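What follows is the residue order along each chain.
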Amino acid sequence: MLRYLFALNVDKPHSQRQTAPHLTRISKISTTITMISLFSSIPINSPLLTTNRVFLPRKCKCFAADQQPQAPQNKSQRPRKKPVSDKKDALDPAGFLSKHGITNKAFAQFLRERYKAFKDLKEELLKQYYDLQEMVSGLVPICLFELLGMHRNVQHRVDYMDWAPGARYCSLVGDINGWSPTTDCAREGYLGHDDFGYWFVILEDKLRDGEEPDDVFFQQYNYIDDYDKGDSGVTVEQVFQKANEEYWEPGEDRFIKSRYELAAKLYEQIFGPNGPQTEEEMEEIPDPMTRYKAWKEEHKDDPPSNLPPCDVIIEEDNENDEFQIVTDPAWREKFKNKKPPIPYWLETRKGRKAWLKKYIPGMPHGSKYRVYFNTPMGPLERVPAWATYVIPEADGNQSYAVHWEPSPECAYKWKHKHPSKPKSLRIYECHVGISGGEPRVSTFNEFTENVLVHVKEAGYNAIQLIGVLEHKDYFTVGYRVTNFFAVSSRYGTPEDFKRLVDEAHGLGLIILLDIVHSYAAADEMVGLSFYDGSNDCYFHSGSMTFSRWMVEYQIDGFYFHSLSSMMYTHNGFATFTGDVEEYCNQYVDNDALLYLILVNEILHFLHPNVLTIAEDATLYPGLCEPTSQGGLGFDYFVNLSASELWLSFLENVPDHEWSMSKLVSTLVGDKCGVDKMLLYAENHNQSISGGRSFAEILFGSANTEVALLRGCSLHKMIRLITFTIGGSAYLNFMGNEFGHPKRVEFPMPSNSFSYLLANRCWELLEDELHKKLFSFDKDMMKLDIKDKVLLRGSRGLSNIHHVNDKTMVISYSRGPFVFVFNFHPTNSYERYSIGVEEAGEYQIILNSDDEIYGGQGLIDRDQYAQRTISRKTDGARYCLDVPLPSRTSQIVNSGLVLMQRSSCTDVSKPNKFRFMVVKDQLIETNMLKGYCVTEKGKGKGKDSSLAM
C-alpha cells in the first residue's frame, strides 16, 4: 500500500511539466527512492479491519491518519475553518490605527502592502520547512550562526563556512598553516563553493603517529557530553548485529538483509545502462491510480506475511485523490509507540578522550586565523564576519580571530535558570569597561564580583549592557561594531561573559544587550565594508542574527539602538513635522521594517519570554503593536524626548521659567501605548557623548550650601517624576543613582589616551551626600518592588489632575498613590490644595525633603498625615491640603483611614507606638499619636474613613 502512497509525490505526468522537466523528475524520483527504502517491507494482502478517510492534495506526502473511523463525506461536507471570533487576535494589517486615532488612508494602504510583503517573505522562507522552529535550526540565513563560521564537526574535523558572493577564491590563513593562502582552501570538488556565494573549507584532524584510521568514514565523536568516554572496543558490525537481534521483529529480516534492494533496482532501471539515455527516451510516468493497479496485479499471488496489514480503497470518479486507508488498530498503536533505533547508532560514537588519543585537532583551541579572499579588488585578508572571539588591532597590527573551543573541563557550566519575565522594568544601564574604580579597562569578572551586587542592592531588576559586541576602537563606546557575534575581548573571554550572565540570573536580574545595527564599522580592514570586495555584501542588504546570543549566552532581551538610522534612507536626520505620511513616503526603508517585524516574530516565537525595546527618535506608529495588527512587535519603546527636555531645562532655561505643561506633555507623550513606554532622565548619552551628567550640571561645581541644596533637590525630583508619571519601564545609567559628579571620557588622542575619566567613583557611596541620594533612589525603586507603582493606573497611565504653570506644581495619581511636585525655586506653600477622588486619611510615604535624603526636613512628622476636605478641587470630589516647600516632592498613600480612639479596642497607651493595618499587615508607627489606624473598610463603626 505505502509503495503506492509515495508515488503520489510525482504529481503530474511528464508532458504537463513546463520548467526543468529532467531535473524535476530526478528530484521527485529521489524522494520516491527514499520512501521505497523505508517502506519496501510492508505488504498489501491484509484483512480490512479499520477504515480511515484521508484527503490528500496532489502536492502533499501521503500518510495514514490516526483519527477514529468516520463516515465518508462529500466534497461539500468537508470541515471548514472556524471563523475568527476574537477581534483582539483577528488579523488586521492596519488594526492599530483606530486605537491610535489615525485615519490616513495612504498610511493604512502602506501597512496593508507591507504586511502582504511580509507574508510573502515568510511564505518564501517556509516553503521547505514546517514552522519557524525548523526554519531557524540553522538551515536558512535567519540562524546561519549554526552553520557559518568555525564549527567542530562530529567526524573528527573542523568546518568553516562563509558568505562572500563577490570573492573568487577563499581560504583560511593562520598559525595552523604558517599563514599560507593555499594550504587550507575551499575546493570545488568538496562542495567548496556554490552559486549563492557560500564558501566551505574543511580542516581535517591529523592522525597521530602510530594510530590507525577509523574503520568507517562516518565514525562520530562526542566532544562535550561524553568527553571522558574512550574507545569501548565494540565494532560497528557488532552494534548493528545487536540492533538486528534486539530491535527488529520477525518478518522484517528481508529489509535488514537487503535494505537497499528495491531502491537499487529502481535506480538501475531508470539510470542504468539499459535505461533511457536521453530525455526523449524517458517514458511518461503513469498516473498514481494506474501505477497502483499495476503493482496490485503484479503482487496478487504473493504468499501470506506476518507483517502489518494495510491496504487502500480507491473510489471511482475521484478527482481530488481521496482514499480510504485500512489498518489494524493494534498494529497502528504499536507502530506509533515504536522508537527509532537511535541508541544503537549513538553507541557507535566515541568520546573526546578517544578523539584526542587518535587525532591532533586541525584547528586547536586558541588558534589565530583570518579568511583570505581573492576579489576583483585584489587579495584581501579579513577577520571573519561570523567569528565568535576576536583580538582587535593592537600595536598597529591587524586584527585576527581566535578559534574558541575550550575543553569541557574549562567550558563554563550554567548553574541558574532565566528569571521570570518582569511585568515592569527597572533597567540599570552599564558599560563593563568603565565599571571599575581604577583608570583602566575593567573586565567581565570584575563586573561580576563588584557591580552585580550593587545593582541588586539598588533595587533594579534588569541590566542593559552596552559595548559588549566586538568593536574597532574603545573610545567609540562599542558603536563601531566589527563582529556582531563576538564578545569584546577587551573585557575577557566568552566564558567570563557567560559567568556574568549566569550570576546575574542567580540574583534575579535579567540581561539586555544593546544592539547597534546602524553603527557597523565601515572600515575595510576590520569592519564589514567591502568584505568580499563588494560593498553590498553586508551593508543594507545584510542582516544579523539574535539567536546566537539567546542560545549561547542566555541573553534575556535586546535594546534596538537608534532604529531611525535604519528605518529611513535619510537616517532619521530629516525634520519631522508630525504628518503621518512621513512614515510611509519614499524615504522609508521598507526592507528594514520587514526585517524588524521578522526579527520580533521569530524571537517571540522561539523565546516567549524575550524582551525587545525599540529606540526610535521618530516614534514610528505601531512600534509596540502586534505584527498581526500592523505593528512592529516590540515590547517597549523609548521616549527620547524626556531626557532632551531635562537637559534643555537644566542648561538653557532659568528655574522659574520651567513650563510644567510642556514637562508633563513631554513625559507622557502619546497616551496610546503609554503602558509600554520606557522613560529615563539620563542614560549614557548625557555622560559620554561629549556632554555632562545631570549631577555634574547641578552640583558638580556647587561652592555654596544653597547651590548644593538646589542641585540635590532637583536631582531627586527629576528622577522621581520621570520614574512615576507614566509607563512601566525606567532606565538609569550606572552611577547616576547616587549622583556621580563626573562625566565619562574615553581615552582618545584629544586627551592623550587618558583613563582618568573612564571609570566610576564607587567610593562616593561612603560620602554623606551621595549616600543620601542613593538611599532616595533605593526607596524610589522599592515603590515598584513592594507596591508595583509602575503597574498602577489605567493602562499604565497616571491620572494627571493638576498642572499649574504659575505655581509650578504638578500632581497626579496612580492607584492609591498621589504624587505632588513643587518645582518653584522660591515659593513654598503651607497648605496647597490638590484634588483627590477618595475621602479619608492620606499618609506621606516618601518625602524628597526628608533629612535622610539630604533635604532640610521642613515638614514635621505630625504633618505626614492629612485628612481630606469635602470640597471640589481639580475636578475631584475631595480636596487635600498638603505642605509644599519649594523644590520638593512627596508621595502620599490613600490606603489609610482613621478611627476614633474610643471605638478601637486594641489601642495602646498614648504617646506609645501605634499600629496600623496596611494590606493586612501590622506596621508599627509613632506618626499618628492617639489614633488607631486601620485599612479602609476594616475598622469598626459605620464609616471608618470619616470617624475621628
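Residues numbered from 1 in each chain as written. Predicted model: local features only at pLDDT ≥ 70, side-chain atom pairs only at ≥ 80, totals over all residues. Heavy atoms only, no water.

As recorded by an unreviewed UniProt entry, the protein carries the name 1,4-alpha-glucan branching enzyme and is attributed to Salvia splendens. Under the UniProt heading Subcellular location (unreviewed entry), the entry covering the protein gives this text: "Plastid, Amyloplast". (UniProt positions renumbered as here; feature names shortened; annotations may be inferred.)

Asks: What should I look at first to understand the overall build of the protein in this one?
Replies: Looking only at helices and strands, one finds 23 helices and 37 strands in the protein. When burial is assessed residue by residue, the protein has 52% of its 948 residues classed as buried. In the protein, the proportion of contacts linking residues at least 24 apart, taken out of those at least 6 apart, comes to 72%. In the form shown here, the protein has an accessible surface area of approximately 46000 Å², with 52% of it arising from carbon and sulfur atoms. (Helix = DSSP H or I, 4+ residues; strand = E, 2+ residues; numbered from the N terminus. Buried < 20%, exposed > 50% of the residue type's maximum accessible area, 1.4 Å probe, protein only. Contact = heavy atoms within 4.5 Å. Areas by Shrake-Rupley, 256 points an atom, 1.4 Å probe, with all protein chains shown as cover.)

Asks: Is there a simple way to think about unusual backbone geometry in this case?
Replies: Leave glycine aside and you will find that most residues have negative phi; peptide bonds, for their part, are mostly trans. Unusually for a residue other than glycine, Leu619 sits at a positive phi of about 50 degrees. Summarising the element assignment, Leu619 is placed in the loop between strand S23 (611–614) and strand S24 (636–638). Notably, Lys788 is not glycine yet its phi reads approximately 50 degrees, a positive angle. Relative to the elements of secondary structure, Lys788 occurs in the loop between helix H23 (768–787) and strand S27 (799–804).

Asks: Sorry, what's going on with a negative patch on the surface here?
Replies: A contiguous patch of negative charge, built from Asp225, Asp226, Asp228 and Glu409, is present on the exposed surface. Position of Glu409 relative to the elements: it lies in the loop between strand S16 (400–402) and strand S17 (425–431). (Patch = residues over 30% accessible without salt bridge, like charges linked within 9 Å, V, L, I, M, F, W, Y side chains within 5 Å. Salt bridge = Lys/Arg side-chain N within 4 Å of Asp/Glu carboxyl O. Lys, Arg positive; Asp, Glu negative; His and termini not counted. Charge placed at Lys NZ, Arg CZ, Asp CG, Glu CD.)

Asks: Would you mind going over the pairing of strand S28 (residues 809–814) with me for this structure?
Replies: Every other side chain in a regular strand lies on the same face of the sheet, so the side chains alternate between the two faces. Where burial is concerned, most of S28 is hidden: 6 out of the 6 residues are buried. Residues of S28 alternate between two faces, with Val809, Ser811 and Ser813 on one and Ile810, Tyr812 and Arg814 on the opposite face, all of them buried. Bridge count between S27 and S28: 5 bridges; the pairing is antiparallel. Directly across from Val803, in S28, lies its bridge partner Ile810. Relative to strand S29 (residues 817–822), S28 runs antiparallel, the two sharing 6 bridges. Directly across from Arg814, in S29, lies its bridge partner Phe817. Connecting the antiparallel pair S28 and S29 is a turn made up of 2 residues, with Gly815 showing a positive phi of about 65 degrees. (Pairing = 2+ DSSP bridges.)

Asks: Explain the side chain of Glu429 here, please?
Replies: By secondary structure assignment, the location of Glu429 is in strand S17. Within the structure, Glu429 has its side chain in polar contact with the side chain of Gln464 (distance 3.5 Å). Excluding anything up to four places from it in sequence, Glu429 contacts Gln464, Ile466, Asn683, His684, Leu731, Asn732, Phe733 and Met734. (Polar contact = N/O pair within 3.5 Å; in protein donor to acceptor, adjacent residues only side chain to side chain.)

Asks: Mind showing me how you'd approach the confidence of the model for the protein here?
Replies: It should be kept in mind that the predicted coordinates are not to be read in detail where pLDDT is low. When pLDDT is averaged along the protein, the result is 78, and 77% of the positions lie at 70 or above. When the criterion is pLDDT under 50, residues 1–88 qualifies, and its contacts beyond four places in sequence or with other chains add up to 154 contacts. Low pLDDT, under 50, characterises residues 137–142; the stretch is placed with 17 contacts to residues that sit more than four places away or in other chains. (pLDDT = per-residue confidence, 0-100.)

Asks: Would you explain the environment of Trp404 in this entry?
Replies: By the secondary structure assignment, Trp404 is in the loop between S16 and S17. Take Trp404: its relative accessible area is 22%, and that puts it in the partly exposed class. Distance from Trp404 to His365, taken between C-alpha atoms, is 5.6 Å for residues 39 residues apart in sequence. Once you skip the residues sitting within four places of it in the chain, Trp404 turns out to touch His365, Thr388, Tyr389, Thr493, Pro494 and Glu495. Here the side chain of Trp404 touches Glu495 through a polar contact of 2.9 Å, side chain to side chain.

Asks: Is there a simple way to explain the nonpolar core in this structure?
Replies: A general trend in soluble globular proteins is that nonpolar side chains are found buried together. Of all hydrophobic cores here, the largest spans 166 residues; its most connected members are Phe107, Leu465, Phe497, Trp646 and Phe823. No other element matches the 11 residues that helix H17 (residues 590–606) contributes to this core. For Trp646, the residues in contact, after removing those within four places along its chain, are Trp658, Leu663, Leu667, Ala681, Phe694, Ile718, Ile721, Thr722 and Phe823. If you look at the next biggest cluster of nonpolar residues, it comprises 17 residues, including Val809, Tyr829, Ile859 and Leu884. (Core = buried A, V, L, I, M, F, W, Y, C linked by side-chain atoms within 4.5 Å.)

Asks: Before we go on, may I ask you to explain the sheet that holds strand S26 (residues 729–733) in this structure?
Replies: Backbone hydrogen bonds are what pair the strands of a sheet, in a parallel or an antiparallel way. Taken together, the 8 strands give a closed barrel; going around it, the order is S17-S18-S21-S22-S23-S24-S25-S26, and neighbouring strands pair in parallel fashion. Each strand axis lies, on average, 30 degrees off the axis of its neighbour in the sheet, ignoring direction. Running over the sheet, helix H22 (residues 705–724) touches S17, strand S25 (677–679) and S26 and is turned about 150 degrees from S26. (Axes fitted to C-alpha atoms, helices over the stretch in contact; angles between N-to-C directions.)

Asks: I would appreciate a short explanation of the pairing of strand S3 (residues 157–163) in the present structure.
Replies: In terms of burial, S3 is a largely internal element, 6 of the 7 residues being buried. Hairpin remark: strand S2 (residues 149–153) followed by S3, antiparallel, with 3 residues in the connecting loop; positive phi at His156, about 40 degrees. Note: S3 against strand S6 (residues 198–204), 7 bridges, orientation antiparallel. Its bridge partner lying in S6, Met161 is registered against Phe200.

Asks: What is the right way to read a nonpolar patch on the surface from this model?
Replies: Together, Phe240, Ile342, Trp345 and Leu346 make up an exposed nonpolar region whose accessible area comes to about 340 Å². The element that contributes the greatest number of residues to the nonpolar patch is helix H11 (residues 342–346), accounting for 3 residues. Note that Leu346 resides in helix H11.

Asks: Please clarify how the packing of H22 against H23 should be interpreted in this entry.
Replies: Relative orientation and spacing of two packed helices are given, respectively, by the angle between their axes and the distance between those axes. Relative orientation of the contacting elements H22 and H23 amounts to 15 degrees, with a least axis distance of 11 Å. It follows from the interaxial angle that H22 and H23 lie roughly parallel. In the packing of H22 onto H23, the handedness of the crossing is right-handed. Here Leu708, Cys712, His715, Lys716, Arg719, Leu720 and Phe723 of H22 come into contact with H23, specifically with Leu769, Leu773, Phe776, Asp777, Met780, Met781, Leu783 and Asp784. Counted by class, the contact of H22 with H23 contains 10 nonpolar, 1 polar and 4 charged residues. (Parallel < 35°, antiparallel > 145°, perpendicular 65-115°, else oblique. Left-handed = near helix turned anticlockwise from the far one by under 90°. Nonpolar A, V, L, I, M, F, W, Y, C, P; charged D, E, K, R; others polar.)

Asks: Help me out: how do you make sense of the sheet that holds S2 in this one?
Replies: Taken together, the 3 strands give an open sheet; going across it, the order is S2-S3-S6, and neighbouring strands pair in antiparallel fashion. Bordering the open sheet on either side are S2 and S6, each of which pairs with just one other strand. Across the sheet, the axes of successive neighbouring strands diverge by a mean angle of 20 degrees, strand direction being ignored.

Asks: Even after reading the chapter, I still don't get the pattern of salt bridges, so can you show me in this structure?
Replies: Side chains that carry opposite charge are capable of pairing whenever their charged atoms lie near each other. Here the structure, examined in full by the defined rule, presents 32 salt bridges. Arg152 is the partner of Glu405 in a salt bridge, and the nearest nitrogen-oxygen pair spans 3.1 Å. Of this pair, Glu405 sits in the loop between S16 and S17 while Arg152 sits in strand S2; the two residues are 253 residues apart in sequence, bridging distant segments of the chain. Across the pair, exposure class does not vary: Glu405 and Arg152 are buried alike. Between Asp473 and Arg480 there is a salt bridge, with the nearest N and O atoms lying 3.3 Å from each other. Overall, Asp473 belongs to the buried group, its relative accessible area being 17%. Here Arg480 falls in the partly exposed class, since its relative accessible area comes to 29%.

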